[in-house]
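Report on the structure
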2 protein chains.
Amino acid sequence: MNIVESEQQEWQARVLESFMQVVKAPYGDFTHLGQLSEAIADDYSLQLMVEFLSRNPQGRRALQERPRLGKVELHQLHKLPENTLGYIYADHMIQNGFTPPPVREIANDDFSFLGAHLGETHDIWHVVTGCDTNKAGEIELEAFYAAQIYASRFWLTLLAKNLLKTAIEDIELCEQHMDALATGWSRGKQARPLFGIQWNQLWKTPLEDLRTQLNLERRMGETVAAANDAVTFS
Amino acid sequence: MNIVESEQQEWQARVLESFMQVVKAPYGDFTHLGQLSEAIADDYSLQLMVEFLSRNPQGRRALQERPRLGKVELHQLHKLPENTLGYIYADHMIQNGFTPPPVREIANDDFSFLGAHLGETHDIWHVVTGCDTNKAGEIELEAFYAAQIYASRFWLTLLAKNLLKTAIEDIELCEQHMDALATGWSRGKQARPLFGIQWNQLWKTPLEDLRTQLNLERRMGETVAAANDAVTFS
């Protein structure tokens, strides 16, 4: 075995160990998710992701300018008209008891920007895609990410984790979870790219207008999380 | 922790150990797959599967009568007209260097029949669905099984395994493999049930007629393994 193969095997062993910790942890355990994200990151897949995201002007500009979401005032956003992204996002955060994403300095490299950007916009992706925060909704959104961010080892690993947990913990939900995965993948491929959007310039835009622009309307048969929209967004 | 919880945790630990062995093994390592199939089987999911498969007359009859494929003479089948199931199945087996499924006695219970029936018809499912035997084709067929056999922990676990292996070994194939998974799931839901079909009475039937009857024609956009049909089945 040469050095490269040896390093590859060590890396895979670390990833699998981290994967098992996430499988054994309850859903939404962010400590282990963070560790998995760190363990699985490598220069090769980062390069593939950056090349893929740079294929469209929005992604290319975001990788150059690295715009950040900045400070989010949920109670200010919650005063906007009820059909706006800002109101619905704030309502989603408040109803779920979530705090706004922290404003933190990051290192001057693509990987740090990718992590920060995707992390701080995650709940906005939930809102614009209409994916609930239950297990099926998270699976739909993970598959959506996998479609929108080619070569992301992280999202594929989360999908593997959730199929495995479904198999051993929630087998009654297998149809719901597989539907969610297939729907998220299909919608992620059909939608315009969400990566790199400067959401903080869109708080006052009606959510329905954004969904139309981004090709995010649900189609016939894509009903996984739709029934929950009324609860989450009303 | 009560006894039920304790047994549940021990079962999950055995399944996860078996899962990791399959992840670390090369593709198509049947020893570890057999161990996983044994480890993950439990009365509860078997009951769900049997209830689901009994919902249609074909499945109900198969579970009562437990028909077996019997001895398969590949070289005899290979003399049938080239458009028949028998010829195309035999050709698939010969081209891939596969031996016919063994004829073996089984215990007198649903689980043994399920395992024997699904095992000995697996390559027929490959042929009628048009799923190749490469990684994408196996993933498509696994998702097809997951749709056709509700509550099967085994197929869901294999999908989890293959998404995890894609993430850490074959990230360039992520789009192809996710497409295969979504397509297999969708086709499995659209197709008529394959479980319980007495294939040995259909060797002389043209494959295209069978695909029409079973609603197995590929639709627009379902192109995952279609390009390989010409190689496998010509």
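A quick note: this is a predicted structure, and the numbers were derived from the prediction, not measured. (Residues numbered from 1 in each chain as written. Chains lettered and ligands numbered in written order. Predicted model: local features only at pLDDT ≥ 70, side-chain atom pairs only at ≥ 80, totals over all residues. Heavy atoms only, no water.)

1. Overview of the overall build of chain A
Note the following rule: Only runs of H or I of at least four residues qualify as helices and only runs of E of at least two qualify as strands under DSSP, and these elements are numbered from the N terminus. Only C-alpha atoms enter the radius of gyration, while the globule expectation follows 2.2 Å times N to the 0.38, with N the number of residues. Whether a residue is buried, partly exposed or exposed follows from its accessible area with a 1.4 Å probe, protein chains only, as a fraction of its type maximum: under 20%, in between, or over 50%, in that order.
If you tally the helices and strands in chain A, you get 13 helices and 0 strands. Going from N to C terminus, chain A has its helices and strands arranged as α-α-α-α-α-α-α-α-α-α-α-α-α. For chain A, whose C-alpha radius of gyration is 18 Å, the value lies close to the compact-globule estimate of 17 Å for 234 residues. Projected onto its principal axes, the C-alpha coordinates of chain A cover approximately 60 × 45 × 30 Å. Across the 234 residues that make up chain A, the buried fraction comes to 53%.

2. As for the interface of chain B and chain A
Rules: We call two residues contacting when some pair of their heavy atoms lies within 4.5 Å. Throughout, buried area stands for the accessible area (probe radius 1.4 Å) lost by two parts on being put together, summed over both. The rule for a salt bridge is simple: a side-chain nitrogen of Lys or Arg has to be within 4 Å of a carboxyl oxygen of Asp or Glu. Within 3.5 Å is the distance limit for a polar contact, defined as a pair of N or O atoms, with the added protein rule that one can donate a hydrogen and the other accept it, and that residues adjacent in sequence qualify only through two side-chain atoms.
Taken together, the contact between chain B and chain A spans 37 residues of the former and 37 residues of the latter. Buried area between chain B and chain A, summed over both chains or domains, comes out near 3,300 Å², and the portion from carbon and sulfur atoms is 76%. Three residues stand out in chain B for area buried against chain A, namely Leu156(B), Ile168(B) and Met178(B), and they jointly supply 19% of the buried area on that side. If you look at where chain B meets chain A, you find 4 salt bridges. Here chain B and chain A share 14 residue pairs in polar contact (both at pLDDT 80 or more) between them.

3. Concerning the relation of the copies chain B and chain A
Operational definition: A least-squares fit on C-alpha atoms brings the copies together, and the residues used are those whose pLDDT is at least 70 in both copies.
At an RMSD of 0.0 Å, chain B and chain A line up after a rotation of 180° and a shift of 0.0 Å along the axis. Both copies of the chain, as the preceding transformation shows, are related through a two-fold rotation axis. Closest to the rotation axis within chain B is the C-alpha of Ala160(B), separated from it by 2.1 Å. Interface overlap between copies: 100% of the residues of chain B at the interface are likewise at the interface in chain A, consistent with a symmetric, same-surface contact.

4. Regarding the pattern of salt bridges
According to the stated counting rule, one finds 20 salt bridges over all chains in the structure shown. Of the charged contacts, one joins Asp42(A) and Arg153(A) as a salt bridge, the two residues approaching to 2.8 Å between their closest N and O atoms. Placement of the pair is Asp42(A) in the loop between α2 (30-40) and α3 (43-53) and Arg153(A) in helix α10 (residues 153-169), with a sequence separation of 111 residues. For the pair Asp42(A) and Arg153(A), a shared accessibility class is recorded, and that class is buried. Between Glu120(B) and Arg68(B) there is a salt bridge whose closest N-O contact spans 3.1 Å. Taken together, the residues span a long stretch of sequence, with Glu120(B) in helix α7 (residues 110-129) and Arg68(B) in the loop between α4 (57-65) and α5 (74-77) at a distance of 52 residues. For Glu120(B), a relative accessible area of 7% gives the class buried. Through salt bridges with shared partners, one network takes in Glu140(A), Arg187(A) and Arg218(A).

5. Re the packing of aromatic side chains
All names here are of chain A. Filter applied, for reference: Ring pairs shown here join Phe, Tyr and Trp side chains whose ring centres sit within 6.5 Å, with only the six-membered ring taken for Trp; geometry is labelled stacked below 30 degrees between planes, edge-to-face above 60, and tilted in between. The rule for a charge over a ring is simple: NZ of Lys or CZ of Arg within 6 Å of the ring centre, and within 35 degrees of the ring normal.
In total, this model carries 15 aromatic pairs over all chains according to the counting rule given. Ring centres of Trp125 and Tyr145 lie 4.3 Å apart, and the angle between their planes is 10°; this geometry places the pair in the stacked category. One end of the pair, Trp125, is in helix α8 (residues 122-129); the other, Tyr145, is in helix α9 (residues 135-148), with 20 residues separating them in the sequence. Three or more aromatic residues joined by ring pairs form one cluster here, namely Trp125, Phe144, Tyr145, Phe154 and Trp155. The ring of Tyr27 carries Lys165 above its face, with NZ or CZ at 4.9 Å from the centroid.

6. Overview of unusual backbone geometry
When glycine is set aside, most residues are seen to have a negative phi, and most peptide bonds are trans. Positive phi outside glycine occurs at Arg66(A), with the angle close to 45°. Examined against the element boundaries, Arg66(A) turns out to sit in the loop between α4 (57-65) and α5 (74-77). Located in the positive-phi region is Ala151(B), a residue other than glycine, with phi close to 75°. Mapping Ala151(B) onto the fold places it in the loop between α8 (135-148) and α9 (153-169).

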